[in-house]
Amino acid sequence: MSKDEIFWNDFESSLSLLDHDQILTAYGKENDDIYDLYNDLQDAYIIIRKLFCKWISSIKIQSNKLLYNFGNSVFINFNYTDTINKRFRVDRGNIIHIHGTAQKEESIVYGHGYKISDPELPIWAANGRMLESLIIYSLLNISYKDTNKHWCRVENYIKRNIPDINDIRDVYVLGHSLGEIDLSYFFKLHKLLPRTTKWHFSYFDSKENIEQFCRAKNIVNLQIDKIETIMQEFRNSNTSDK
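A quick note: this is a predicted structure, and the numbers were derived from the prediction, not measured.

Novice: What is the right way to read the overall build of the protein from this model?
Specialist: Helix and strand content of the protein: 10 helices and 7 strands. For the protein, with 242 residues in total, the buried portion stands at 38%. Split by element, the accessible area of the protein, about 15,100 Å² in all, is 50% carbon and sulfur.

As C-alpha cells, this is what we get:
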C-alpha cells in the first residue's frame, strides 16, 4: 500500500481528532481574526475535498473481459468511483453512490462518525471566545458523516427499485471492511430486510469485523469468503473484447 493510500484510508477517522482549542490559539480575538478563522476553515474543507477527489480519480480501473450477470440487483456504492459501471457494466440506474462520486466533486460526502458536541456555554463565556468556538465547532461538524440523513436516501432508493422488500433473498457485501464509520448503515439495512435474507461477505485479510457484526445481529444464514470466490457465482462463461 502506498503512502497516499495509507493517508487517505485513515484520514476520515482522523478528522474527529481535530482539537478546537489548538485551532483557537492560532487566531486573535478581533473581528478580522474571527473572519480569517471562518474563511480558513471553509477553505481547508474545500481543499481537502478537492485533493480527496483527485486521489480517487487517480485510481486505475482495470478493464475486464469477463461478463457478469447480476440479475435484478441494485448496488449501494461506498467507494466514490464508477468501478461498478465501468468494470462490471452495471447500468448507472441500478447504482446509488451513498457518499457521492469523484466525478461530481460537490456530491462528495467524507468525514467521521462522531458528532462533535458543542462546548458548555459557561466555558465559552469564561474563555471570552464564544463566537470563535461556535464557528470552529460548526465547521468541524461539516466533516461529521450524518449516516441517518444518507440512509434515508438509500432506503428510499431500495424501496423504489424493489417494491416488495420480502423479495430480497441475498445481500452481498463486497470489498467493505465494515469499519466503525459506516457500520450503522449495515445495522439499518439488516433491520429493513426480512430475517430469511442470506448475507454474503467478502474479506481481504481479516474476518473480525464481519464476525462481530453477524454476532451482534444474530445472522446465521451467511457466507464469508474471498471476493474472487463469491464473484464466480455471477460470472458468465462468455468473454468480451469490449
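Let's pick the thread back up.
Novice: Please clarify how helix 9 (residues 208-216) should be interpreted in this entry.
Specialist: Owing to its 3.6 residues per turn, the α-helix brings residues three or four apart onto one side. Listed in full, the buried residues belonging to helix 9 are Ile210, Phe213 and Cys214. End-on view of helix 9: buried residues confined to an arc of 95°, all on one side of the axis. Structural note: helix 9 exposes Arg215 and Ala216 on the side pointing more than 90 degrees away from its buried face. If you follow the buried residues of helix 9, they end up packed against helix 8 (183-192), strand 5 (198-202) and strand 6 (222-225).

Novice: Is there a simple way to explain a negative patch on the surface in this structure?
Specialist: A cluster of acidic residues, Asp32, Asp36, Asp40 and Asp43, forms a negative patch at the surface. The topology assignment puts aspartate 40 in helix 3 (residues 31-58). With relative accessibility at 39%, the residue aspartate 40 sits in the partly exposed group.

Novice: Please explain the nonpolar core as it appears in this structure.
Specialist: As a rule of thumb, nonpolar side chains are buried together in soluble globular proteins. Within the largest apolar cluster, 24 residues are counted, with the highest numbers of intra-cluster contacts made by Ile158, Trp199, Phe201 and Phe213. Only helix 7 (147-161), strand 4 (170-173), helix 8, strand 5 and helix 9 provide two or more residues apiece to this core. What phenylalanine 213 contacts, discounting residues up to four positions off in sequence, is Leu178, Leu183, Phe186, Phe187, His190, Trp199, Phe201 and Ile219.

Novice: Help me out: how do you make sense of the pairing of strand 4 in this one?
Specialist: Consecutive side chains along a regular strand alternate between the two faces of the sheet. Going residue by residue along strand 4, you find Val171 and Val173 tucked away on one face and Asp170 and Tyr172 left uncovered on the opposite face. As paired elements, strand 4 and strand 5 share 4 bridges and run parallel to each other. By the bridge assignment, aspartate 170 is partnered in strand 5 with lysine 198. For the crossover that starts at strand 4, traverses helix 8 and ends in the parallel strand 5, the hand is right-handed.

Novice: I keep staring at the environment of phenylalanine 234 and nothing clicks. Help me out?
Specialist: Inspection of the secondary structure assignment puts phenylalanine 234 in the loop between helix 10 (227-231) and strand 7 (235-239). Expressed as a C-alpha distance, the spacing of phenylalanine 234 and leucine 67, which sit 167 residues apart in the sequence, is 8.4 Å. Setting aside anything within four residues of it in sequence, one finds phenylalanine 234 in contact with Leu67, Tyr68, Asn69, Phe70 and Tyr172.

Novice: Whenever I open this one, the packing of aromatic side chains confuses me. Can you help?
Specialist: Two aromatic rings are characterised by how far apart their centres lie and by the angle between their planes. Using the criterion set out here, one finds 15 aromatic pairs in the structure. Look at tyrosine 68 and phenylalanine 70: their rings are 6.0 Å apart centre to centre, the planes differ by 10°, and that puts the pair in the stacked class. Here tyrosine 68 falls in the buried class, since its relative accessible area comes to 14%. Three or more aromatic residues joined by ring pairs make a cluster, and in this case those are Phe78, Tyr185, Phe186, Phe187, Trp199, Phe201 and Phe213.

Parameters at a glance
Residues numbered from 1 in each chain as written. Predicted model: local features only at pLDDT ≥ 70, side-chain atom pairs only at ≥ 80, totals over all residues. Heavy atoms only, no water. Helix = DSSP H or I, 4+ residues; strand = E, 2+ residues; numbered from the N terminus. Buried < 20%, exposed > 50% of the residue type's maximum accessible area, 1.4 Å probe, protein only. Areas by Shrake-Rupley, 256 points an atom, 1.4 Å probe, with all protein chains shown as cover. Arc of directions from axis to C-beta. Contact = heavy atoms within 4.5 Å. Patch = residues over 30% accessible without salt bridge, like charges linked within 9 Å, V, L, I, M, F, W, Y side chains within 5 Å. Salt bridge = Lys/Arg side-chain N within 4 Å of Asp/Glu carboxyl O. Lys, Arg positive; Asp, Glu negative; His and termini not counted. Charge placed at Lys NZ, Arg CZ, Asp CG, Glu CD. Core = buried A, V, L, I, M, F, W, Y, C linked by side-chain atoms within 4.5 Å. Pairing = 2+ DSSP bridges. Right-handed = clockwise from strand over helix to strand, strands pointing away. Phe/Tyr/Trp six-rings, centres within 6.5 Å; stacked < 30°, edge-to-face > 60°.

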